[in-house]
Amino acid sequence: MDVDTRLLRYFAAVAEEGSVTRAAERLFVSQPALTKQIRQLEAGLGVTLFTRSRTGMALTEPGRALAKRVPALLDGWETARRETRSAASRAARVLRVGFIASAANEATQPIVAEFARRRPGWRAEMRQASWSNPSAGLADSDVDVALVRLPFPGQDALRVAVLFSEARWVALPDSHPLAARDTIPFRDLWDEPFVAAPAESGRWREYWLAVDERDGHPVRVGAVTEQPDDWLSAIANGYGVALAPESAARFYTRPGIVYRPVTGVSPTRVGVAWAPADDADPVVREFVRCCREARPVT
C-alpha cells in the first residue's frame, strides 16, 4: 500500500494528543474529516491503530509500532522534498519568496532590488499565498523564505525576524454608520459581523478577529474569504467589516470601502521567516539581511 504522508501526519497528531478533538484543533481540520482519515489509514494497513473510548484514543500494539517509525519517516520525507525543491530553484538561480497580501508594504520593492544587486544573476520570485496559508507556503516547503504577518500557526517551528509593526485599522462599507467617524473604538465594533479568514488558519483567523481583545464578547462572522479581492467584495457588499493593517488603506482601495483607525487593539507585525535548516544557506541569509536593512515607508 502507498500511504499519503498526510495520513501519517494525522496519525502522529492523534497519537501524540490522545484525542481526535485536540488533534483536529492542532491540525486545523474538522473532527469528522480527521476520523475518516484515520480509518482510511487503518483500512489500508489492515490493522487497528487505536482503541477508542470516551476518555480518548489509545494506541494498540500495531499503533505503537507505527508511532515509533512515523516521526523519522516524516522528517526524512520533508527533508528530501525541501532539498529537492531547493536544488531546483538554486539551479535556476531563483529564490522563492512567499508573501501574504501586501508583503512588506512599500519596502518590498527595495528589498527585492537590493537582493538583485547583491546577488547578480539571481531573481526573487514572489509567490502570493491565500489567507488559509498564513506561513505563505514556508511550512509546506513551497518557498525558501516568506514575508509574513505575525502571529501565524506554526511560527515557533521556524526562524522569524520582526521587521516593523503598524496599526490595525478597520475596513467597512462607506455607507456604514461608523464610517463618518475619524477614529473608531474597537468596543463599538464588537457586535458587527466580521469578514473572517478560513477556520483552518486557526490562530491567524483569531488574531484578525481580535478574539483576545474582546473581553470574552463573542464574534459574529458574516462571511469567510481567503483572497483580497473576495475580502473587498464581501465588505463592499455589506456582509461584514474587517480589521486590516493600516497599509491596506494604500494597497487595497476600492469604491464603496473606507478605512478608519481603531483604538483598543494591538498593532500587527511584519516579519521575514525561513526554515531552521536554511540557517547556513548564503542566499537565504542574504535575502534576510536585505529585509532587516530595509526601512518601511509609511
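Now for a look at the structure at hand. Counting from 1, residues in each chain are numbered in the order their sequence is written. In view of the model being predicted, local features appear only for residues whose pLDDT reaches at least 70, and side-chain atom pairs are presented and counted only at 80 or more, with totals across whole chains, interfaces and linings using the full set of residues. Values shown for side chains rest on all heavy atoms present in the structure; no hydrogens or waters enter the calculation.

1. Description of unusual backbone geometry
The line we're drawing: Under the scheme used here, helices are H or I runs from DSSP no shorter than 4 residues and strands are E runs no shorter than 2 residues, and both carry numbers assigned from the N terminus. For every residue, the accessible area obtained with a 1.4 Å probe (protein chains only) is divided by the maximum for its type, and the residue is called buried under 20%, exposed over 50%, and partly exposed between those limits.
Look at the link from Leu 150 to Pro 151: it is a cis peptide, with omega at 0°. Its location among the elements puts Pro 151 in the loop between β5 (145–150) and β6 (159–166). Residue Ala 103 is not a glycine yet carries a positive backbone phi of 55°. Assignment of secondary structure puts Ala 103 in the loop between β3 (94–100) and α5 (108–118). Taking relative accessible area as the criterion, Ala 103 reaches 5% and is therefore assigned buried. Positive phi is not limited to glycine here, since Asp 215 has a value of about 55°. Assignment of secondary structure puts Asp 215 in the loop between α6 (203–208) and β10 (220–224).

2. With respect to the nonpolar core
To keep things clear, this is the line we draw: Definition of nonpolar core: a set of buried residues of the types Ala, Val, Leu, Ile, Met, Phe, Trp, Tyr and Cys, connected through side-chain atoms within 4.5 Å. In what follows, a contact means two residues having at least one pair of non-hydrogen atoms within 4.5 Å.
Of all hydrophobic cores here, the largest spans 48 residues; its most connected members are Val 170, Leu 172, Phe 186, Leu 189, Trp 231, Leu 243 and Tyr 259. Secondary-structure elements contributing two or more residues to this core are β5, β7 (168–173), β9 (193–196), α6, α7 (228–236), β11 (242–245) and β12 (257–263). Sequence-distant contacts of Leu 172, defined by excluding residues within four places in its chain, comprise Leu 178, Ala 179, Ile 184, Ile 235, Val 241, Gly 256, Ile 257, Val 258 and Arg 260. Within the second largest apolar cluster, 24 residues are counted, among which are Ala 103, Phe 287, Val 288 and Cys 291.

3. Regarding the environment of Leu 163
Within the element layout of this structure, Leu 163 appears in strand β6. A C-alpha to C-alpha distance of 49 Å links Leu 163 and Thr 48, two positions 115 residues apart in sequence. In contact with Leu 163, other than residues within four places in its own chain, are Leu 147, Val 270, Gly 271, Val 272, Cys 291 and Arg 292.

4. Some words on the sheet that holds β7
Put simply, the rule reads: One requirement defines pairing of two strands: DSSP has to find at least two bridges between them. Comment: axis = line fitted to C-alpha atoms, over the contacting stretch for helices; angle = value between 0 and 180 degrees taken between N-to-C directions.
Reading across from one edge, β8-β12-β7-β11 is the order of the four strands in this open sheet, with mixed pairing throughout. Edge positions in the sheet fall to β8 (184–185) and β11, since each has one partner strand and no second. Here β7 pairs with β11 via four bridges, running antiparallel. Note that in β11 the partner of Trp 169 across the bridge is Ala 244. Relative to β12, α7 is tilted by about 90°, and along the sheet it contacts β7, β11 and β12.

5. As for the packing of aromatic side chains
Defined as follows: Two aromatic rings, drawn from Phe, Tyr or Trp (for Trp, its six-membered ring), form a pair once their centres lie within 6.5 Å of each other, and the interplanar angle then sorts them: stacked below 30 degrees, edge-to-face above 60, tilted otherwise.
Taken as a whole and assessed by the stated rule, the structure comprises six aromatic pairs. Between the aromatic rings of Phe 11 and Phe 50, the centroid separation amounts to 5.5 Å while the plane-to-plane angle is 50°, which identifies the pairing as tilted. Of the two residues, Phe 11 is situated in helix α1 (residues 5–17) and Phe 50 in strand β1 (residues 50–53); the sequence distance between them amounts to 39 residues. Judged by its relative accessible area of 1%, Phe 50 falls in the buried class. Seen from their ring centres, Trp 131 and Trp 231 are 5.8 Å apart, and the 80° between their planes marks the pair as edge-to-face. Residue Trp 131 is found in the loop between β4 (123–129) and β5, and its partner Trp 231 is found in helix α7; the two are separated by 100 residues along the sequence. A single burial state applies to Trp 131 and to Trp 231, both of which are buried.

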